[in-house]
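Reading the structure
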Amino acid sequence: MSDRQSDAILAMPLRRLTGIEQENLQTEFDELTARMEELRKLLGDRRELLKTLKKDLRTLKKKYSDQRRTQIVAVSSPVEEPGNQAAEEDAGTRRQGDAEKSKIQNPKSKIQNSLPPPT
């Protein structure tokens, strides 16, 4: 703020400043009241809610969608029985362009292996 602006503000009567602030508060109140009515309408009408959700999802899709960067591939390994720890520990993934499979260890298996056996 310049000196000239600060002098002008100080010269304004307090009642005028209060009036400006009241206008700002009234504008904010009107905007919030309109938003509340809009939200009540959405909560009261399922069709309107779904319509708005679809619109919002389309907007997000348009904003953030891009080509998939990883390739999902099936790992060819012998079928293991459920509960077999070796099958639970390893999962194969491959990024597009990589020739090798990288292994990801299941974090639960480390915790399970570090616990003493139940008594």
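Everything discussed here concerns the structure shown above.
Quick caveat, the model's predicted, so the values are computed rather than measured.

**Focus: the pattern of salt bridges**
According to the stated counting rule, one finds 3 salt bridges in the structure shown. Residue Arg40 is joined to Glu37 by a salt bridge in which the shortest nitrogen-to-oxygen separation is 3.4 Å. One end of the pair is Arg40 and the other is Glu37, both in helix H2 (residues 14-44) and 3 residues apart, which spans about a single turn. For Arg40, a relative accessible area of 51% translates into the label exposed. Look at Glu37 and you get partly exposed, because its relative accessible area is 47%.

**What to know about the environment of Thr52**
Take Thr52: it is sitting in helix H3 (residues 46-64). Of the polar contacts made by the side chain of Thr52, one reaches the backbone oxygen of Glu48; its length is 3.0 Å.

Scoring rules and cut-offs
Residue positions within a chain follow its written sequence, with the count starting from 1. In keeping with the predicted nature of the model, local features appear solely for residues at pLDDT of at least 70, side-chain atom pairs appear and are counted solely at 80 or more, and the whole-chain, interface and lining totals rest on all residues. For the side-chain quantities, the full set of heavy atoms in the structure was used; hydrogens and water were omitted. By definition here, a salt bridge exists when the distance from a side-chain nitrogen of Lys or Arg to a carboxyl oxygen of Asp or Glu is within 4 Å. Helix numbers and strand numbers start at the N terminus; a helix is a DSSP run of H or I with at least 4 residues, a strand a run of E with at least 2. Burial classes: relative accessible area under 20% of the type maximum marks a residue as buried, over 50% as exposed, and values in between as partly exposed (1.4 Å probe, protein chains only). For the purposes of these results, a polar contact is taken to be a pair of N or O atoms within 3.5 Å, where, inside protein, one atom must be able to donate a hydrogen and its partner to accept one; residues adjacent in sequence count only when each atom of the pair is a side-chain atom.

This is a description of form; function is not addressed.
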